[in-house]
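Given next are the chains, with one letter for each unit.
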Amino acid sequence: FNDDGSLAELKGFEIKRRGELKLIKVFQAEVFSQFLEGETLQECYSAVGGIANRWVDMLENQGVDLADAELMELISEASTLS
């Protein structure tokens, strides 16, 4: 991470991929930012786990708590035209 909190490099993951669900991109962006939270490793993992648990709950209840438009946006393919 850079000093300003932005993601500089993350080995093994790539945020900007083409042809994947927007749900994946949004999840990655939310969870990666949480790695800067907390003063200890435990607090960091707790922050990351909170985001992960929210997404697991959304998947398990099949997005019932989301508006139809929001759910369709998340399960649509993220593509970039050039």
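Residues numbered from 1 in each chain as written. Predicted model: local features only at pLDDT ≥ 70, side-chain atom pairs only at ≥ 80, totals over all residues. Heavy atoms only, no water.

Averaged over every residue, the pLDDT of the protein is 78; the share at 70 or more is 73%. Helix 2 (residues 41–60) holds the highest mean pLDDT among the elements of the protein, 90, whereas strand 2 (residues 77–78) holds the lowest, 66. (pLDDT = per-residue confidence, 0-100. Helix = DSSP H or I, 4+ residues; strand = E, 2+ residues; numbered from the N terminus.)

By size, the foremost hydrophobic cluster in this structure holds nine residues: Leu23, Val31, Phe32, Val48, Ile51, Trp55, Met58, Leu66 and Leu74. Looking at this core, the elements with two or more residues in it are helix 1 (22–33) and helix 2. With residues up to four places along the chain from it excluded, the contact list for leucine 23 reads Trp55, Met58, Leu59 and Leu74. (Core = buried A, V, L, I, M, F, W, Y, C linked by side-chain atoms within 4.5 Å. Buried < 20%, exposed > 50% of the residue type's maximum accessible area, 1.4 Å probe, protein only. Contact = heavy atoms within 4.5 Å.)

Another aspect to go through is the pattern of salt bridges. Tallied over the full model, the rule gives two salt bridges. The salt bridge involving lysine 22 is made with glutamate 73; its shortest N-O contact spans 2.8 Å. With lysine 22 in helix 1 and glutamate 73 in helix 3 (residues 68–75), this pair connects stretches of sequence that are 51 residues apart. By relative accessible area, glutamate 73 is classed as partly exposed at 43%. Residue arginine 54 is joined to glutamate 30 by a salt bridge in which the shortest nitrogen-to-oxygen separation is 2.2 Å. One end of the pair, arginine 54, is in helix 2; the other, glutamate 30, is in helix 1, and 24 residues separate them in sequence. Judged by relative accessible area, which is 26%, glutamate 30 ranks as partly exposed. (Salt bridge = Lys/Arg side-chain N within 4 Å of Asp/Glu carboxyl O.)

The next thing to look at is the packing of helix 1 against helix 2. Running from N to C, helix 1 and helix 2 point in directions that differ by 155°, and their axes come no closer than 9 Å. What the angle tells us is that helix 1 and helix 2 run roughly antiparallel. The two elements helix 1 and helix 2 meet at a crossing, and its hand is right-handed. Across the interface between the two elements, Leu23, Val26, Phe27, Glu30 and Val31 of helix 1 pack against Val48, Ile51, Ala52, Arg54, Trp55, Met58 and Leu59 of helix 2. In terms of residue class, the contact of helix 1 with helix 2 is built from ten nonpolar, no polar and two charged. (Axes fitted to C-alpha atoms, helices over the stretch in contact; angles between N-to-C directions. Parallel < 35°, antiparallel > 145°, perpendicular 65-115°, else oblique. Left-handed = near helix turned anticlockwise from the far one by under 90°. Nonpolar A, V, L, I, M, F, W, Y, C, P; charged D, E, K, R; others polar.)

This part is about the packing of aromatic side chains. Think of a pair of aromatic rings as described by two things: how far the centres are apart, and how the planes are tilted against each other in angle. Under the definition given, this model contains one aromatic pair. Aromatic pair phenylalanine 27 and tryptophan 55: ring centres 6.2 Å apart, planes at 80°, arrangement edge-to-face. Remark: tryptophan 55 occurs in helix 2 and phenylalanine 27 occurs in helix 1; sequence separation between them is 28 residues. (Phe/Tyr/Trp six-rings, centres within 6.5 Å; stacked < 30°, edge-to-face > 60°.)

This paragraph deals with the environment of phenylalanine 32. As for its position among the elements, phenylalanine 32 is in helix 1. On the accessibility criterion, phenylalanine 32 (7% relative accessible area) is buried. C-alpha separation for the pair phenylalanine 32 and isoleucine 51, spaced 19 residues apart in sequence, amounts to 9.7 Å.

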